[in-house]
Amino acid sequence: MEKYVIKGGSKLFGEVTISGAKNAVVAILPATILADEPCVIENIPNISDVTITLQIMSEMGANIRMRNKNTVEIDTRPLRNMPIPYEKAKLMRATTYFLGTLLGRFHSARVSMPGGCNLGDRPIDQHLKCFTALGAECGIDGGMVDLKADRLIGNQIFFDKNSVGATINGIMAAVKAEGLTIIENAAKEPHVVDLANCLNSMGADIIGAGTDVIKIRGVKELHGTTYSVIPDQIEAGTFMAAAAATRGNVLIKNVIPKHLEPITNKFLKIGVQVEQYDDSIRVIGGENYVGTSIKTHPHPGFPTDMQPQMSAVLTCAKGASMVTESIFDNRFRYVDELRRMGANISVEGRVAVIEGVERLKGAPVRSTDLRAGAALIVAALGAEGTSEIYDIFHVERGYENMEVKLRGLGANIIKVEEPDPVSDSAAAKKAV
Ligand code: EPU
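Residues numbered from 1 in each chain as written. Predicted model: local features only at pLDDT ≥ 70, side-chain atom pairs only at ≥ 80, totals over all residues. Heavy atoms only, no water.

**A short note on the packing of aromatic side chains**
All chains considered together, the criterion is met by 1 aromatic pair. Arranged with centres 6.3 Å apart and planes meeting at 50°, the rings of F332 and Y334 form a pair that is tilted. Comparing F332 with Y334 shows no difference in burial state: the two are buried. (Phe/Tyr/Trp six-rings, centres within 6.5 Å; stacked < 30°, edge-to-face > 60°. Buried < 20%, exposed > 50% of the residue type's maximum accessible area, 1.4 Å probe, protein only.)

**Some remarks on the site of the ligand**
In the vicinity of the ligand there are 24 residues, among which D125, Q126, S163, D305 and I327 approach most closely. Contact between the ligand and P123: an oxygen atom at 3.3 Å from a main-chain N or O atom of the residue. Contacts to the ligand include I327, whose backbone N or O atom sits 2.6 Å from an oxygen atom. Elements with a minimum of two residues in the shell around the ligand: α1 (22-31), α5 (125-133), α6 (164-174) and α12 (370-382). When the residues that make up the shell around the ligand are grouped by side-chain class, the tally is 9 nonpolar, 7 polar and 8 charged. Residue-level mapping places the shell around the ligand at the junction of two domains, with at least three residues from each of domain 1 (2-19 + 231-426) and domain 2 (22-228). (Near = heavy atom within 4 Å. Polar contact = N/O pair within 3.5 Å; in protein donor to acceptor, adjacent residues only side chain to side chain. Helix = DSSP H or I, 4+ residues; strand = E, 2+ residues; numbered from the N terminus. Nonpolar A, V, L, I, M, F, W, Y, C, P; charged D, E, K, R; others polar. Domains from an automatic or database assignment.)

**Description of the state of the cysteines**
Taken as a whole and judged by the stated rule, the model has 0 disulfides. With no disulfide of its own, C198 lies 6.7 Å from the sulfur of C39, the closest cysteine sulfur. (Disulfide = S-S within 2.5 Å.)

**A look at the domain arrangement of the chain**
Quoted interface sizes are often the accessible area lost when the parts come together. According to the domain assignment, the chain consists of domain 1 (2-19 + 231-426) and domain 2 (22-228). Taken over C-alpha atoms, the centre of domain 1 sits 30 Å from the centre of domain 2. Contact residues are listed per partner, giving 25 residues for domain 1 and 21 residues for domain 2. Buried area between domain 1 and domain 2, both sides added, is near 1800 Å², and the carbon and sulfur share of it is 48%. Three residues, H299, R397 and E400, lead the burial of domain 1 against domain 2; their summed loss comes to 34% of the area buried on that side. The interface formed by domain 1 and domain 2 holds 2 salt bridges in total. With its nearest N and O atoms 2.8 Å apart, the salt bridge here joins R397 to D49. (Contact = heavy atoms within 4.5 Å. Buried area = accessible area lost by both parts, 1.4 Å probe. Salt bridge = Lys/Arg side-chain N within 4 Å of Asp/Glu carboxyl O.)

What follows is the structure, encoded as structure tokens:
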């Protein structure tokens, strides 16, 4: 079991380069299953979710060759349609993307339901609604989702719930279906657009990604591509939070400032200085921040995946802040851990009220999920004294070389191997 040991109080200074987006790459890699030729995917982050995805594809027969640590060459022509079992699905919820892509290519798929989630209820009814509309029969048998279709025929689909996963799965299933598919109330997240751009670069006909309505005209074949994944909006936001919490001055490179706007606006509001350039931003911390209100929303609203890290910064902002989580039922599990560091936070349902304190104090704490772990790192960097952060496998699912990048900015952080006194073991390892 590894943990981070962080001695807080060093202001972060210097430059950091953001890696490729986790939530784009976990869709783009399975999407190569739809291609009839080899693909080269660049700017892939070196994170465990990518390792798991590539491992699944390799076990199914894809030829996978790493050209370097961030570029992969994938030939999915030899890939066979095999069930994806629970042992894999429980590690990473994005295994659900194999449903759309296998259905699109083989007209059948058998993938385990992902199971419990640390963030609360995460049904896949909208994914299934979409597959059914395209002509697939959907069943659940022994914990596995079973999809079968004689033909996939384009249709009009209205999502009752705005869902990133269902939108991506819908696009993947429709891309080789016969005729026109129209997805309404589609998710507009940058990673949805990136997936559509990647598929279009293979010869797909998708228009409207990034808006509420996506139109997909089915094509017979998709050719190979060389495609570079967009930078990770949430990794960038996390470094913004780290710079703000330590009152540092950091140039964050390889970002798309437009994707960061909802996050940037909140930092500006509390008193952090943010300068935007073409593909980088500079974050300059202030001595005193003021509390604010945050409500998470689908893109272009404030992203739920930045809610914990932003709350960590607000623990030391003057006055009260109100943080409302409108996407997930259970995204405040990190609050108990921040309280161990001296934060004054009360939670009622989906609303957290944070009363700013002067300074957090280092403590042993446990990551309960990926972004919770990121929030604890932000808090520990700004705190007085030493923190130990356990269950960092959550963080490594989505952040490439987090501690190395932070050390490059002057943070006092090391990763050490040690028996874990606070983890509640296997139950903590559920995927998010
Ligand atoms: N929902 C349904 N039915 C469905 C699908 C979703 O009711 O069929 C609900 C969910 O329960 C939730 C809401 O719709 O309340 C939004 O869920 P969505 O489907 O958009 O989430 P997701 O696709 O499972 C992705 C990201 C998450 C991110 C959410 C929201 C990936 C691989 N995961 O999850 O990322 O929080 O969108 O933006 O893209 C993370 O990176 O830390 C993370 C959890």
